[in-house]
Amino acid sequence: MNWNDFLQKHRPSQIAAEADCALTALTSLGLIRVRGEDARDFLQGQLTNDIRAVTTEQAQLSAWCNPKGRMLALMLVFQHGDDLYLQLPRERIAPVLKRLGMYVMRSRVTLSDASEELPIMAVGGDCIGGLLENQPEDDFASRQSGELSLIRFPGVQPRVQVIGTADALAAIWNKTAATATQVNEGWWRLQNIRSGIPAIYDVTAETFIPQMLNLDLLHGISFTKGCYTGQEVVARMKYLGQLKRRMYLARFAAAEEPGPGDKLFSATSKSAQGAGKLVDVQPSPAGGWEALVAAEISSVEAGDIRLGDANGPALAIQPPPYGLQAADSE
């Protein structure tokens, strides 16, 4: 079965933006399969997190950085069957595959695009208990059920990603469609924004250091695992206390559609890099926009951040649901 053909036949003409019980296909996400006896050792030397902790029952967030510590990608790393998979925006699959492949050299590992082979969908809301069997209950916990992998994501609403073959996903879709409201993929991105979970897109690649996007707060960095690409910069940011930017939730009104990478302005900022940038953004069901922003801590404390320039819309900013103070004081 072709997953895209299935979706064309089963998607309604009107797709809700938000629902108490939601069902959506995550077609903008893709997968890189990492296979081979050196797969874990290879990823251990590349990603910020400790890959040894990834099992069929535990997924994790992890960043891949350039030698200067700037994020090339943010990935959900999980095990499906005997292989490891890296989930990231589909637009990043080709450039990441090409560049990551340069580091394989003599390692006994193969990298491949598994996006078409293993599509992704999601179910969210209090209804999931009656719709999904064997679902994980802890954040980023994983469960394997036949041909499927189920991964729990944090959020106000319970929500689970389901990864598997098109036939297996179609069976889940048909089972849940009678109860759940089919929503567009923006629903998933909006839930990630509200949960303080960032993403890296083509336009923001090599822009942020992991701590700027709160990867240390999201358990996406191991400071004890040893060396990996960009590790020196990431470690220096922690131990020398030089972090001047953090990621926050923001709401604002704007007539023109904003996008990741759009610049922020603050009259109090003295940085040549500006006050910050949008990390991700989606329309809010209440009107306006909801976003994640990587912004200067001092500008946030001054209450003086706008989108674009001094005449741009003001941003109402708040910390992510997991807070910031504990990590800043470590």
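To keep things clear, this report deals only with the structure shown in the data block. Treat the numbers as computed from the prediction; the structure is a model and nothing was measured.

## Let's talk about unusual backbone geometry
Non-glycine residue asparagine 134 carries a positive phi angle of around 60°. Examined against the element boundaries, asparagine 134 turns out to sit in the loop between α4 (128-131) and β8 (142-145). Of note, the phi angle at glutamate 206 is positive, near 65°, even though the residue is not glycine. Here glutamate 206 is to be found in the loop between α6 (186-195) and α7 (231-239).

## Focus: the pattern of salt bridges
Note that side chains of opposite charge can pair when their charged atoms are close. Considering all chains together, one arrives at 15 salt bridges under this definition. Across the pair glutamate 117 and arginine 33 runs a salt bridge, and its minimum N-O distance is 2.5 Å. Separated by 84 residues along the polypeptide, glutamate 117 in the loop between β6 (110-113) and β7 (120-125) and arginine 33 in strand β2 (residues 29-35) bring together distant segments of the chain. Its relative accessible area of 8% is what places arginine 33 among the buried residues. With a closest N to O distance of 2.9 Å, arginine 92 and aspartate 202 form a salt bridge. Here arginine 92, found in the loop between β5 (83-89) and α3 (93-101), pairs with aspartate 202, found in the loop between α6 and α7; they are 110 residues apart in sequence, far enough to count as distant. The exposure class assigned to arginine 92 is buried, which follows from its relative accessible area of 7%. Given a relative accessible area of 39%, aspartate 202 falls into the partly exposed group. Here the salt bridges share partners, and the residues they tie into one network are Arg33, Arg35, Asp83 and Glu117.

## Side note on the sheet that holds strand β9 (residues 148-153)
Here six strands make up an open sheet; going across it, the order is β8-β9-β10-β7-β1-β11 and the pairing mixed. Both edges of this open sheet fall to β8 and β11 (181-182), since each of them pairs with a single strand only. Judged from the two bridges that link them, strand β1 (residues 21-25) and β11 form a sheet pairing that is parallel. Within β11, the residue paired with alanine 22 across the bridge is threonine 181.

## Quick notes on the packing of aromatic side chains
Per the stated rule, a full pass over the model turns up nine aromatic pairs. Geometrically, the ring pair formed by tryptophan 3 and tryptophan 173 is edge-to-face, given 6.0 Å between the ring centres and 80° between the ring planes. Taken together, the residues tryptophan 3 in helix α1 (residues 3-10) and tryptophan 173 in helix α5 (residues 166-176) connect sequence positions 170 residues apart. With relative accessibility at 2%, the residue tryptophan 173 sits in the buried group. Taking 5.0 Å as the distance between ring centres and 65° as the angle between the ring planes, the aromatic pair formed by phenylalanine 153 and tryptophan 188 counts as edge-to-face. Here phenylalanine 153 is found in strand β9, whereas its partner tryptophan 188 is found in helix α6, with 35 residues between them in sequence. As far as the burial class goes, phenylalanine 153 and tryptophan 188 line up, both buried. Put simply, the rings of Phe140, Phe153, Trp187 and Trp188 pair up and form one aromatic cluster. The ring of tryptophan 188 has arginine 159 sitting right over it, with the charged end atom 4.4 Å from the ring centre. The positively charged end of lysine 238 is found above the aromatic ring belonging to phenylalanine 223, 4.8 Å away from the centroid.

## A word on the pairing of β1
Regular strands show a simple pattern: their side chains alternate between the two faces of the sheet. In terms of residue burial, β1 counts as a mostly covered element, since five of its five residues are buried. Judged by which residues are buried, β1 turns out to be covered on both faces: Cys21, Leu23 and Ala25 on one side and Ala22 and Thr24 on the other are all buried. Sheet topology places β1 next to β7; five bridges connect them, and they run antiparallel. Paired with alanine 22 across the bridge in β7 is glycine 124.

About the cut-offs
Residues numbered from 1 in each chain as written. Predicted model: local features only at pLDDT ≥ 70, side-chain atom pairs only at ≥ 80, totals over all residues. Heavy atoms only, no water. Helix = DSSP H or I, 4+ residues; strand = E, 2+ residues; numbered from the N terminus. Salt bridge = Lys/Arg side-chain N within 4 Å of Asp/Glu carboxyl O. Buried < 20%, exposed > 50% of the residue type's maximum accessible area, 1.4 Å probe, protein only. Pairing = 2+ DSSP bridges. Phe/Tyr/Trp six-rings, centres within 6.5 Å; stacked < 30°, edge-to-face > 60°. Lys NZ or Arg CZ within 6 Å of the ring centre and 35° of its normal.

Read these as layout, nothing more, since geometry by itself doesn't imply function.
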